Amino acid sequence: MKNSLRIPLLALGATALLGLNACATQPERMLDARVASAETRIAPERRLARTQKSRGREKMEYLHSRNEFGVVPDDGTEKAFAARERLLSTSGDRAKAAGVNATTWKNLGPGNVAGRTRMLVPHPTNPNILWAGTARGGVWKTTDGGESWSPLTDTLPVNAIATLVIDPRNANVLYAGTGEYSGRRGSGIYKTTDGGASWAKLDATNVATDTAWRFVNRIALSAQVPNLILVATNDGIYRSVDSGTSFVKQLPLSGYRRTNGNGGDGAMDLKQDPNKPERFIAGLFDGSVLVSNDNGATWAKSAIITIDADPRRVEVAFSPSQPNVVFASVDMNDGEVYRSNDSGSTWTLQSNPKHVVKQGDYDNAIWVHPTVPNLILLGGVRLYRSLDAGASFQLFERAQSAKGSNGFGSNTHHDHHAFVPAAQFGPANGRIYNVNDGGVWVLENVNVPNQISQEGQWRNLNNSLVATQIYAHATDSARNLLVAGTQDTGLVGYRFDKDGLNSWQEYALGGDYFSPYLDPTTNYGYATVYYLLVSRFQGGGAQEVNATERSICDGLTDAPNKNGRCSSAEENEKANFDAPILLDPNDPLRLYGGGNSLWVTTDARASNVNWKTIKPPSAALAGENYISALAVRPGNSDEMWVGHNNGELYRTNNARAATPTWELVPSLPARLVESVVFDRFDSKTIYALFGGFAAGNLQVSRDNGVTWAPAGLGKLPEASFGSLAQHPVKRDWMYLGTFAGLFTSIDGGLTWGTSNDGPAAASILSQSWLNNDTLVLSTYGRGVFQATIDTSAKKVTVYELYNAKINHYFRTTSLPEAVYLDSLPGGARWVRTNDDFVAWAPNQDDGSAQPVCRFYGSPTLGPNSHFYLVGRQNCIDFEKQESKIPAGAQRWNLESTEFSVNTPTAAGCPAAAPVPVYRVYNNGFARGDSHHRYTIQPSEVARLVTAGWSSEGVVMCGMKAG
């Protein structure tokens, strides 16, 4: 080997990785401090403080997405998915490494209670076909009337669907608008021309050139004017006359700007007049509407209410049987209904049903019966009906506070987003659909004059519509139990030995649940609900637990407290919306809670739980830099790590002391700390995960936190990293959950692969091991997946090819790649030499082998050649060495871990792998043509040495091919 090539000897050694000088700039846009507590998590009647629930989620989304400058890049989602696609194209067989492949995965659900669904579109002639647009699970389709559903967009960056429309002239053409104004930013408009089988983005809706396209709130198509598309965005109304090839902004709007930068002045609703198709009305965020009488070419503004500084979302509905009559649901005084008799020019207050409470910018829907002018449906927090043209409203759902209020029973879920009549709706077909935070529901006959729907009339259509937004989950193999905290559908449970996709149970009622933990020694469990409202529950197996759930945060004053008692009615924000808790893995009586301070109780099972603070608030960004992550080392309760919103990471080695001593860990990104993970096999190796559309979100320290370096930099997407799991037996197998899907590593994080199998591109927030063979992961929008990991020893063939034009050799374990290279024309062709040998699959050996990593030096950055290095630590050290070489200089670039081999000893190759693999070198460094060949033929070694190559001996031991 030539030292000038900087190729290291095959000796193992420990070397610390370099740290980063992360920018600690104060965020430019910290969110409005008024964001406060939201609803409680028990029965609907106890949801007393719903005021800012939607803004709490909005701030949470922002904190997990912003970079160190407080900015959420407008094209962050698209860039992250582009990076994913690049890695996908080069992953090859590595996508199937770490024991996972297409047959590995099983979607567990929940299939009987879906996540937030924003729109439903029925096929115009086939009543069995429906499309649903979900908030974070993409577009779904049913062909059997809702008895089963299939996802259509799992591999695309379109999971945040805000609106969905069908072309009135072609039922195979649909448009999906992405980006929820109160949540994840989108990436424009996507179109399908084959009913959803494939999708393409409208190039004119590029967020990089026009930020309006990050929030596509409504799309309207005209049946009368071909190619006309009108779009309502947070930044105005856009118009296309060429089916979306180009758009023109019609006018700037004023009156509404969100405090977190999601803002813009905007329109939420957009409807076409059924009696005068050239007329459109847009509902704005400032309590007014825009009216166009010329297919959206010009617009006139009409105020419904006196405009003030607060957002006042307006939703409109034409009365088809009454020309010129329009109704509006306005986010004013907890929900008002207005009527216009002149097509939106002037308005009169009809009633104040208070249907939206304090969250009318989040859930707001209105529908007028096409032939019964006095029948109006109204949706906000709950569902209402009027039989007197809006003069009065009554609840149009079964009032229910026991099991089922969360969408599991016959009552619709709360927080309504749209009413959609079935295709060919009329006197003989009164079916109407409702979409809400719990998925899709149907009422078979809304035409029955005086029927207030009771149990059995609203029907859940969520059968396998697995779009549940799960924040985190916990598993207990002894109880065969999984519990998951969800967005607005409460705490739900699944029993591995009894339940199926559509048989999940309700474990606690209502609202958003975070950080669930299961006590491994009893049937207790814990979770949080909004801003550190800590809850304890009991149950497992067949036992249902709704009745035993209770708050245990009295005296924990970072949670909403009133007179020392937990109170969801209080709006004092002293913690993140998704504030973390942690059950000590070594002591199930010790429970931590992270708010402004770090809290602990040592009697988590007591009737009256006592809390105390053991870490003061961070001095940086006081009042905003709340705790975001907690970790206690398994086997040592004294070692604890605490992460904050601004990237601060603290550690202590005496967590059980009365007053622990805390040390700030230096040189980490100034972004929200998502989690801290301890290496199972090396006590000095620690991983820290960060949020934000930025690079370096997986940091690794191999010296117990003294120095840090990013893993996968330049390969992994610049997106929030929510979870990291290390295999319990295979130390180098890693599973990284990100906002752009799952990434696996078979070499301890040196290289990464991905695939479109299983959860594909879903946002993965939580992972756990049910046992050594079963990985469970939960997603924010696609429910829970289970992977059965195959750790058995496997063998692969290492193929050799030769290119005569450049006199180079190449090896690959991918037969499709070998066949492809052998089929290229002319001088580009690589010919199979049949000098093949058998090795172990990457890190899937009998325990005696070592991984082989592949480096490549491109023609501009190094030798146009591949180089293979044996040994995990050798790969780490060499990659670290080469990473110091300046860009533009000759260097070796780590590509992948290809296979595993046995290593030779003084006695030669072992009996288990008796085939020696020789390496010969062409002495071409001075010519800029460095190249190695790996051969099992001694005769080839002799031939090449005669031709001027240098023999470097046996470097690997394989097995015979064939």
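Scroll up a little and you will see the structure.
Let us look at the structure shown here.

Cut-offs and rules
- Residues numbered from 1 in each chain as written.
- Predicted model: local features only at pLDDT ≥ 70, side-chain atom pairs only at ≥ 80, totals over all residues.
- Heavy atoms only, no water.
- Buried < 20%, exposed > 50% of the residue type's maximum accessible area, 1.4 Å probe, protein only.
- Helix = DSSP H or I, 4+ residues; strand = E, 2+ residues; numbered from the N terminus.
- Pairing = 2+ DSSP bridges.
- Core = buried A, V, L, I, M, F, W, Y, C linked by side-chain atoms within 4.5 Å.
- Contact = heavy atoms within 4.5 Å.
- Phe/Tyr/Trp six-rings, centres within 6.5 Å; stacked < 30°, edge-to-face > 60°.
- Lys NZ or Arg CZ within 6 Å of the ring centre and 35° of its normal.
- Disulfide = S-S within 2.5 Å.
- Arc of directions from axis to C-beta.
- Polar contact = N/O pair within 3.5 Å; in protein donor to acceptor, adjacent residues only side chain to side chain.

## A short note on the pairing of strand β16 (residues 288–292)
In the case of a regular strand, side chains alternate between the two sheet surfaces.
Then step 1. Taken across its 5 residues, β16 has 5 buried, putting it largely inside the fold.
Then step 2. Here β16 shows two buried faces, one formed by S288, L290 and S292 and the other by V289 and V291.
Then step 3. Inspection of the sheet shows strand β15 (residues 280–284) paired to β16 by 4 bridges, in the antiparallel sense. Bridge pairing in β16 places I281 opposite V291.
Then step 4. The turn joining β15 and β16, which pair antiparallel and follow one another in sequence, is formed by 3 residues; a positive phi near 80° is taken by G287.
Then step 5. Note that β16 and strand β17 (residues 300–303) share 4 bridges and pair antiparallel. The partner of V289 across the bridge, within β17, is S302.

## Regarding the nonpolar core
Across soluble globular proteins, nonpolar side chains have a tendency to be buried as a group.
Then step 1. Among the nonpolar cores identified, the biggest contains 37 residues, and Y526, L532, V534, L556 and L591 are the most heavily contacted of them.
Then step 2. For this core, the secondary structure elements donating two or more residues are β30 (470–476), β31 (481–486), β33 (505–508), β34 (514–518), β35 (524–529), β36 (533–538) and β40 (581–583).
Then step 3. No other element matches the 4 residues that β35 contributes to this core.
Then step 4. With residues up to four places along the chain from it excluded, the contact list for L591 reads Y526, V534, I552, I581, L582, L583, W599, V600, T601, A604 and W611.

## Things to note about the packing of aromatic side chains
Then step 1. Evaluated as defined, the whole model comprises 23 aromatic pairs.
Then step 2. A centroid spacing of 5.1 Å and a plane angle of 35° characterise the contact between Y494 and W504, whose relative ring orientation is tilted. Residue Y494 is located in strand β32 (residues 491–495), and its partner W504 is located in the loop between β32 and β33; the two are separated by 10 residues in the primary sequence. Accessibility assignment for this pair places Y494 and W504 in one class, buried.
Then step 3. In this structure an aromatic cluster arises from ring pairing among Y471, F514, Y530, Y531, F577 and Y780.
Then step 4. Over the aromatic face of Y650 sits the side chain of K615, whose NZ or CZ is 4.2 Å from the ring centroid.
Then step 5. Over the face of the ring belonging to W733 we find K730, whose NZ or CZ atom lies 5.6 Å from the ring centre.

## Things to note about unusual backbone geometry
Then step 1. Put simply, G109 and P110 share a cis peptide bond, and its omega is 5°.
Then step 2. The residue P110 is located in the loop between β1 (105–109) and β2 (117–122) in this model.
Then step 3. Here S343, not a glycine, exhibits a phi torsion of approximately 60°, which is positive.
Then step 4. The class for S343 is buried, based on a relative accessible area of 5%.
Then step 5. Positive phi, close to 55°, is recorded for N923, a residue that is not glycine.
Then step 6. We classify N923 as partly exposed; its relative accessible area is 28%.

## What about the pairing of strand β41 (residues 591–594)?
Then step 1. Every second residue of β41 is oriented toward a common face, with L591 and G593 on one face and Y592 and G594 on the other, all of them buried.
Then step 2. Relative to β41, β40 runs antiparallel, the two being bridged by 3 bridges. Bridging across to β41, L583 finds its partner in L591.
Then step 3. As paired elements, β41 and strand β42 (residues 598–601) share 4 bridges and run antiparallel to each other.

## Notes on the state of the cysteines
Then step 1. Counted under the stated rule, the structure contains 3 disulfides.
Then step 2. At a sulfur-sulfur separation of 1.7 Å, the disulfide partner of C553 is C566. Note that C553 is positioned in the loop between β37 (550–551) and β38 (561–562) and C566 in strand β39 (residues 565–566), a separation of 13 residues in sequence.
Then step 3. Disulfide connectivity for the chain, with bonded cysteines indexed by sequence position, reads 1-2, 3-4, 5-6.

## Topic: helix α3 (residues 815–822)
Then step 1. Among the residues of α3, A818, L821 and D822 are the ones counted as buried. Angularly, the buried residues of α3 cover 100° about the axis, an arc narrow enough to put them on a single face. Turned more than 90 degrees from where α3 packs its buried face, P816 and Y820 sit exposed.
Then step 2. Close packing links the buried residues of α3 with β59 (795–803), β60 (808–812) and β61 (831–832).

## Here's the deal with the side chain of S240
Then step 1. For S240, the location among the structural elements is in strand β12 (residues 236–240).
Then step 2. On the basis of relative accessibility, which here comes to 1%, the residue S240 falls in the buried class.
Then step 3. Within the structure, S240 has its side chain in polar contact with the side chain of D242 (distance 2.7 Å).
Then step 4. Polar contacts involving the side chain of S240 include one to the main-chain amide nitrogen of G244, which spans 2.8 Å.

## Some words on the sheet that holds β34
Then step 1. Read from one edge of the open sheet, 4 strands run β34-β35-β36-β37, paired in antiparallel fashion. With one partner strand each, in any of the chains shown, β34 and β37 form the two edges of the open sheet.
Then step 2. By the bridge criterion, 3 bridges tie β34 to β35 in an arrangement that is antiparallel. If you follow F514 over to β35, its bridge partner there is T528.

## Notes on the sheet that holds strand β7 (residues 170–178)
Then step 1. Taken in spatial order, the 4 strands of this open sheet run β6-β7-β8-β9, and their pairing is antiparallel. Looking at strand neighbours, the two that pair on one side only are β6 (161–167) and β9 (200–201), the edges of this open sheet.
Then step 2. Bridge count for strand β8 (residues 189–192) against β9 is 2 bridges, and the pairing is antiparallel. Bridging across to β9, K191 finds its partner in A200.

## A closer look at helix α5 (residues 938–946)
Then step 1. If you check which residues of α5 are buried, you get E940, V941 and L944. Relative to the axis of α5, the buried residues are bounded by an arc of 105° and lie together on one face.
Then step 2. The elements touched by buried residues of α5 are β60, β66 (915–921), β67 (932–935) and β68 (950–960).

## Brief notes about the environment of L251
Then step 1. Locating L251 in the fold gives a position in strand β13 (residues 248–251).
Then step 2. Separated by 16 residues in the primary sequence, L251 and D235 have C-alpha atoms spaced 9.1 Å apart.
Then step 3. Discounting residues that sit within four places of it in the chain, L251 has contacts with G236, I237, L290 and W299.

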